[in-house]
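Examination of the molecular architecture
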Amino acid sequence: DSIDFDFSELKINKIEVSNSGNDCLDLSSGEYKINSLNVNNCSDKGISVGEASISNFSSIDISNVKVGVASKDSSLIKIDEGIVNGYLTCLAIYRKKQEFMGAIVEVSNEICPNKDILVQKNSSYILK
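Residues numbered from 1 in each chain as written. Predicted model: local features only at pLDDT ≥ 70, side-chain atom pairs only at ≥ 80, totals over all residues. Heavy atoms only, no water.

Once that is clear, we can look at the side chain of Glu106. Mapping Glu106 onto the fold places it in strand E8 (residues 104-107). Within the structure, the side chain of Glu106 is placed 3.3 Å from the side chain of Lys128, a separation counted as a polar contact. (Helix = DSSP H or I, 4+ residues; strand = E, 2+ residues; numbered from the N terminus. Polar contact = N/O pair within 3.5 Å; in protein donor to acceptor, adjacent residues only side chain to side chain.)

Okay, structure coming up:
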């Protein structure tokens, strides 16, 4: 992973990542507030959030990824605005580890142009 934060409470103004060999941004077991995220050419996920994390993104711009945004294992991702382009799956919302529940993604506007969204049972996608 290019950026990997665990067990943290962070407020970050801007993140930019290009050409990551795995996930561009990986967050777990914490609370994260990110104003601006711009990631491009991630070999796996643009954003991966897991293990009961809460993350808030004011603005995202994600392109050329396998998965744009992944929320898993009792995590919550809130996105105010943004776009995901050039992906196999735009959003993936699921449970990976059995000690956790499903996950949630809440967006204020449609971020997936082709609406390629995977929502596993007991997980939620909320478009406000």
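Now that the structure has been shown, the text picks up again.
Our focus in this paragraph is unusual backbone geometry. With a phi angle near 50°, Phe7 is a residue other than glycine that sits in the positive phi range. The topology assignment puts Phe7 in the loop between strand E1 (3-6) and strand E2 (9-20). Unusually for a residue other than glycine, Ser74 sits at a positive phi of about 65°. Mapped onto the fold, Ser74 is located in the loop between strand E6 (54-72) and strand E7 (76-94). A relative accessible area of 31% places Ser74 in the partly exposed class. (Buried < 20%, exposed > 50% of the residue type's maximum accessible area, 1.4 Å probe, protein only.)

The subject of this paragraph is the side chain of Asp73. For Asp73, the location among the structural elements is in the loop between E6 and E7. Among buried Asp, Glu, Lys and Arg side chains, Asp73 stands out as unpaired, with Lys97 the closest opposite charge at 5.1 Å. At 2.6 Å, the side chain of Asp73 and the backbone nitrogen of Lys96 are in polar contact. Setting aside residues no more than four positions away along its own chain, Asp73 makes contact with Gly50, Glu51, Ala52, Tyr94, Arg95, Lys96, Lys97, Phe100, Met101, Gly102 and Ala103. (Lys, Arg positive; Asp, Glu negative; His and termini not counted. Salt bridge = Lys/Arg side-chain N within 4 Å of Asp/Glu carboxyl O. Contact = heavy atoms within 4.5 Å.)

Turning our attention to the state of the cysteines. In this structure the tally under the stated criterion is 2 disulfides. Covalently, Cys24 is tied to Cys42 through a disulfide, its sulfur atoms 2.0 Å apart. On the sign convention where negative is left-handed, the bridge of Cys24 and Cys42, at about -100° about the S-S bond, is left-handed. Of this pair, Cys24 sits in the loop between E2 and strand E3 (25-28) while Cys42 is found in strand E4 (residues 31-42), placing the two residues 18 residues apart along the sequence. At a sulfur-sulfur separation of 2.0 Å, the disulfide partner of Cys90 is Cys112. Negative torsions about the S-S bond denote left-handed disulfides, and the value of about -85° found for Cys90 with Cys112 makes this one left-handed. Residue Cys90 is found in strand E7, and its partner Cys112 is found in the loop between E8 and strand E9 (117-119); the two are separated by 22 residues along the sequence. Of note for the protein: the bonded cysteines, numbered N- to C-terminal, pair according to 1-2, 3-4. (Disulfide = S-S within 2.5 Å.)

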